[in-house]
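Descriptive structure summary
Each chain, letter by letter, is given below.
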Amino acid sequence: MPVLVHRTSGDVPLPAYAHPDDAGADLSTRVDVVLAPGERTTVPTGVRLALPAGFAGFVHPRSGLARRHGLTVVNAPGTVDAGYRGEIEVTLLNTDPRETLVLHAGDRIAQLVVQPVSRARFVAVEALPASARGEGGFGSSGGWAEAPPSPPRADG
């Protein structure tokens, strides 16, 4: 599927897949970046896209940078809608508690996964049908040994 790409400056790399079966195409930074421990910044990639109708791009962290340096994408996955024509920017966060991370223009910082998307038609109803999960939300599937209940407080 062709995706039209416009470079904001001539020397930025196009999004590219590192391996034939990769789902994500690497995005690079257009500028040098210095991220102190715990610092976040929004980084321009130097590319603008025209995604086909019915598709969206989802910006994910790169696993190697996350593992080696604690670099992540704050709003992962970031969403690039088909109608958006501005420069793709990625908000990065250095989660390492001790080391400053230095990135240079052209370094790969994130990956873009292009996927088909469906549009929902939202319908208001008085009640929802039952489900096996019901209203169970955060932590409802378990997966850890739960802490014992807290003792009652002395003040009430």
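Residues numbered from 1 in each chain as written. Predicted model: local features only at pLDDT ≥ 70, side-chain atom pairs only at ≥ 80, totals over all residues. Heavy atoms only, no water.

Some points on the nonpolar core
In a soluble, globular protein the nonpolar side chains are often hidden away together inside. Of all hydrophobic cores here, the largest spans 22 residues; its most connected members are V59, V90 and L92. When contributions to this core are tallied by element, the ones reaching two or more residues are β3 (33–35), β4 (40–50), β6 (71–73), β8 (87–94), β9 (101–103) and β10 (108–116). Those residues in contact with V59 that sit more than four places away from it in its chain are L27, V73, A76, P77, G78, V80, I88, V90, A110, Q111 and L112. (Core = buried A, V, L, I, M, F, W, Y, C linked by side-chain atoms within 4.5 Å. Buried < 20%, exposed > 50% of the residue type's maximum accessible area, 1.4 Å probe, protein only. Helix = DSSP H or I, 4+ residues; strand = E, 2+ residues; numbered from the N terminus. Contact = heavy atoms within 4.5 Å.)

Quick look at the UniProt feature "domain: dUTPase-like" (unreviewed entry) in the chain
Following the UniProt record, the feature "domain: dUTPase-like" (unreviewed entry) maps to residues 12–142 here. A helix fraction of 5% and a strand fraction of 40% characterise residues 12–142, whose end C-alpha atoms lie 45 Å from each other. (UniProt positions renumbered as here; feature names shortened; annotations may be inferred.)

Some points on the UniProt feature "binding site: substrate" (unreviewed entry) in the chain
Per the UniProt record, "binding site: substrate" (unreviewed entry) is annotated on R62, S63, G64, N75, T79, V80 and D81. These residues run over 20 residues, and the two farthest C-alpha atoms among them are 26.2 Å apart, placing them at more than one spot. With respect to the element layout, R62 can be found in the loop between β5 (55–61) and α1 (63–69). Taking relative accessible area as the criterion, R62 reaches 18% and is therefore assigned buried. Apart from the residues within four sequence positions on either side, R62 is in contact with D26, R108, I109, A110 and Q111. By the secondary structure assignment, V80 is in strand β7 (residues 78–81). With sequence-adjacent residues up to four places away left out, V80 is seen in contact with L51, A56, G57, V59, I88 and L112.

Observations concerning the sheet that holds β4
Sheet architecture is open: 4 strands sit in the order β1-β4-β8-β6, paired in antiparallel fashion. The sheet terminates laterally at β1 (4–7) and β6, the two strands that pair on one side only. This sheet shows a mean twist of 40° between the axes of neighbouring strands, independent of strand direction. Bridge analysis of β6 against β8 gives 3 bridges, and the strand direction is antiparallel. Bridge pairing links L71 to N94 in β8. (Pairing = 2+ DSSP bridges. Axes fitted to C-alpha atoms, helices over the stretch in contact; angles between N-to-C directions.)

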